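Residues per chain are reported as follows:
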Amino acid sequence: MNPALRPATAEDSAQVASLLIDTRSAFMPYAPSAHSDAKVRAWVAAVLVPAGGVTVADLHDRVVAV
């Protein structure tokens, strides 16, 4: 089954933030993040997702890509 693409909602914020944090850590382990995980999570929930323009890939009610 292919993931469904849809606009991100407030309910997706935690999963979106986790994907951003985890993929950055996996692909750039040599470069420490300028922001704490808590600050990234807060920014995603308060700024990124509410601003719109964020698309997620949803597979079985789980965000698998941003």
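Now for a look at the structure at hand.

Criteria and cut-off values
Residues numbered from 1 in each chain as written. Predicted model: local features only at pLDDT ≥ 70, side-chain atom pairs only at ≥ 80, totals over all residues. Heavy atoms only, no water. Helix = DSSP H or I, 4+ residues; strand = E, 2+ residues; numbered from the N terminus. Buried < 20%, exposed > 50% of the residue type's maximum accessible area, 1.4 Å probe, protein only. Polar contact = N/O pair within 3.5 Å; in protein donor to acceptor, adjacent residues only side chain to side chain. Pairing = 2+ DSSP bridges. Axes fitted to C-alpha atoms, helices over the stretch in contact; angles between N-to-C directions. Salt bridge = Lys/Arg side-chain N within 4 Å of Asp/Glu carboxyl O. Expected span 1.5 Å × (residues − 1). Arc of directions from axis to C-beta. Contact = heavy atoms within 4.5 Å.

1. Digging into the environment of Glu11
Within the fold, Glu11 resides in the loop between strand E1 (4–7) and helix H1 (13–27). Classification of Glu11 by relative accessible area gives exposed; the value is 67%. Distance in space between the C-alpha atoms of Glu11 and Ala45 is 9.0 Å, their sequence separation being 34 residues. Separated by 3.0 Å, the side chains of Glu11 and Thr9 make a polar contact.

2. So, the sheet that holds strand E2 (residues 55–58)
Taking strand neighbours across the sheet as the criterion, the 3 strands line up as E1-E2-E3 in an open arrangement whose pairing is antiparallel. For this open sheet the edge positions go to E1 and strand E3 (63–65), each flanked by a neighbour on one side alone. Adjacent strand axes in the sheet meet at a mean angle of 50°, parallel and antiparallel pairs treated alike. Bridge count between E2 and E3: 2 bridges; the pairing is antiparallel. By the bridge assignment for E3, Ala57 is matched with Ala65.

3. Focus on the pattern of salt bridges
Under the counting rule described, the total for this entry stands at 2 salt bridges. Linking Arg6 and Asp12 is a salt bridge whose minimum nitrogen-to-oxygen distance equals 2.7 Å. Taking the relative accessible area as the measure of exposure, Asp12 reaches 5% and is therefore buried. Here Arg6 makes a salt bridge to Asp58, at a shortest N to O gap of 2.8 Å. With Arg6 in strand E1 and Asp58 in strand E2, this pair connects stretches of sequence that are 52 residues apart. Via salt bridges that share partners, Arg6, Asp12 and Asp58 belong to a single interconnected network.

4. Focus on H1
For H1, spanning 15 residues, the distance from its first C-alpha to its last is 21 Å, which sits close to the expected 21 Å at 1.5 Å a residue. Every buried residue belonging to H1 is among Ser13, Val16, Ala17 and Ile21, and all of these are buried. All buried residues of H1 project into a common sector of 125° when viewed along the axis, lining one side. With respect to the buried face of H1, the exposed residues turned more than 90 degrees away are Ala14, Ala26 and Phe27. Structurally, H1 contributes buried residues whose contacts are with helix H2 (37–51) and E2.

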